[in-house]
Amino acid sequence: MSRSEAGLMPTIVMGTFDPETRWRDPNLTRLPAMPDRERESIVLSMDELLFPFCGPDDILYSRCQIDPELYEYLAGLGFSFRSRYHFDLSDEKKPLPEADVFKRCMFRLAADQTQNQITADRMLQAVGSGYPEATGLAEMISLKHAAGGLHREAVWTHTVKPLTPYAITADTEVYLQAAGPFSPLPDLETVVRVNSKIYSNRLLARIGEKCYGMEANSAAEMESAGNTLLKQGPYLLKDPFGVSGKGNLLIDGEAMQRRIAGHLDKQERSGLRSQFLLEPLLRRGTDFSSHWFIRENGEKDFISVQRMMNQQQNYGGSIKADEALIRLLEHAGYFDTMEKALGILAEDGYHGFVCFDSMILENGDVVPIVEINARMSMGLINAYLNKVWETHGHTSWLTFLSLGLPEGFAFGRLLDALRVSGLLLTVQEGYGIVPLSSNTVMVNDILTSRRITDGLQSKRGMPKGRLYVSVVGRDNEHRSELINRLRQVLADLSVKVYN
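Bear in mind that the values here come from a model prediction, so they are computed numbers and not experimental data. (Residues numbered from 1 in each chain as written. Predicted model: local features only at pLDDT ≥ 70, side-chain atom pairs only at ≥ 80, totals over all residues. Heavy atoms only, no water.)

1. Examining the sheet that holds strand β6 (residues 235-243)
Where we set the bar: Here a strand pair is declared whenever DSSP counts at least two bridges between the two strands. Helix and strand labels come from DSSP, where a helix needs a run of H or I of at least four residues and a strand needs a run of E of at least two; each type is numbered from the N terminus. Whenever a helix is involved, its axis is fitted only over the stretch in contact; in every case the axis is a line through C-alpha atoms, and angles between N-to-C directions fall within 0 to 180 degrees.
Pairing within the open sheet is antiparallel, and its 4 strands lie in the order β5-β8-β6-β7. The open sheet has two edge strands with one neighbour each: β5 (214-216) and β7 (246-251). Across the sheet, the axes of successive neighbouring strands diverge by a mean angle of 25°, strand direction being ignored. Strand direction decides the pairing type here: β6 and strand β8 (residues 276-280), joined by 4 bridges, are antiparallel.

2. Topic: the pattern of salt bridges
As a reminder, the rule being used: Salt bridges are identified by distance alone: a Lys or Arg side-chain nitrogen within 4 Å of an Asp or Glu carboxyl oxygen. The rule is simple: take the accessible area with a 1.4 Å probe, protein chains only, and divide by the maximum for that residue type; under 20% is buried, over 50% is exposed, in between is partly exposed.
In this structure the tally under the stated criterion is 17 salt bridges. Residues arginine 295 and aspartate 301 are paired through a salt bridge, measuring 2.9 Å at the closest nitrogen-oxygen approach. Since its relative accessible area comes to 25%, aspartate 301 is described here as partly exposed.

3. Brief notes about the nonpolar core
To keep it simple, the criterion reads: We define a nonpolar core as any set of buried Ala, Val, Leu, Ile, Met, Phe, Trp, Tyr and Cys residues linked to one another through side-chain atoms lying within 4.5 Å. Contacts are assigned to residue pairs with any non-hydrogen atoms lying within 4.5 Å of each other.
Tyr175, Phe356 and Leu486 are the most contacted members of the largest nonpolar core, which has 118 residues in total. The residues touching tyrosine 175, leaving out its near neighbours within four places in the chain, are Ile12, Met14, Phe107, Ala110, Ala111, Thr114, Leu163, Gly180 and Phe182. In terms of nonpolar packing, the next biggest core, distinct from the first, is built from 16 residues, Met222, Ala225, Leu237 and Ala261 among them.

4. Quick look at the confidence of the model for the chain
We count it as follows: pLDDT expresses, on a scale from 0 to 100, how confident the predictor is about each individual residue.
Summing up the model confidence of the chain, the mean pLDDT is 89 and the portion of residues at 70 or higher is 89%. Within the chain, strand β15 (residues 432-435) carries the highest mean pLDDT (98), whereas helix α6 (residues 135-148) carries the lowest (36). Segment residues 128-157 is flagged for pLDDT under 50; beyond a separation of four residues in sequence, or across chains, it makes 44 contacts in the model.

5. With respect to the side chain of serine 304
Our working definition: Each polar contact in these results corresponds to two N or O atoms within 3.5 Å; when the atoms are within protein, one needs to be able to donate a hydrogen and the other to accept it, and residues that are neighboring in sequence are counted only if both atoms are side-chain atoms.
Note on placement: serine 304 falls in strand β10 (residues 300-308). Take serine 304: its relative accessible area is 7%, and that puts it in the buried class. Here glutamine 306 takes part through its side chain, which lies 2.8 Å from a polar atom of the side chain of serine 304.

Have a look at this one:
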């Protein structure tokens, strides 16, 4: 039975990945980093990865239109959901959005589109009331929204509606006011506080666990604390809202430390303030994460433990933890520690999805909390994918390949090549590769082509993309074989793979 047949309001699923950049205080100093516009476009397009959280009548509201062939393919696998989007970048009849507009939070874009829809409704009402001068505008607005995928049936009454956000940002409240009322969400101040690495470090002390981090609130404090840590070896300098591959630096000597301290001191003299966490570089053996949901009344639901395949400090993929790892964690008291941590999060006002990044060191010690992600996460997406595969006794490995795209490439070509090779998973009980997103692959290629056509760019280069896939295999060896075959398919399409 669908949600509508059961009399339930469809859930709206949406959000903007990398919310940490929106939570971060702009008055804080920054670690040195190379700007990467292509990476930013890819991250902004990751919202279509949220489809596993949708039921048949639920609405996935994404920044860009999902490739129709991918949408049809996912529906054929049983991932049925209603798609809404804000931009159709491939529509050459419409100008490209300005860069600052394109990278707005998805909640802000959805709020703007909701307001436009309300205006359209009022214009149509005016037409029905006998104001002929409004007819042309009303028809134009109605057509615009039909093309954008926001149909009139998505505008509901004042019934409280369920909203599943990837993460809560300042613009979430704007959307709630424009399109609400919605079921309760925690306030932004609480969300920002519990997502800071400073909070997770202090939480360890509050629950009586070993605390590895040292806080530094100036360049001088960073250098002083760093000198202490360097006596034992390299350390990580962490921004409170740094994310995988961004906002964290490995400091391996005094010379590098002096350069970074000078970089921060210069910013402090311009009026900014510093806040960082320093942690010794631990000898990690296994990276993993546990995923939970805190209800509004404080009750906690366990969802999954996911083993992470990280590359240095960067996320490389997620796979469900095996029974041996679960037993090890039970014996080490990990889940008791999580119960304490979840209780404090609830006491501090947070409810919703939460992910604890954790690790097991080479000596067998368990570090229960490396950081807290009080939002959805990649491991959680894989856990929801597994809800489908596990009914057939299979396990998903969620991973990605970083790509360079040749001229003339199209997402449909990849799907066709995977079908021809026999790699594409086409039935739930089978084995193979499941592509999970189209715009993370194509967004930079489309933007580049449009800019060249508009005379805004002269050279194409090799636009970067990122292919997220669920690799469904019998075991680790079979999954590795499938990903190697995927690499060959991409090579045959003249696509470069960088990782």
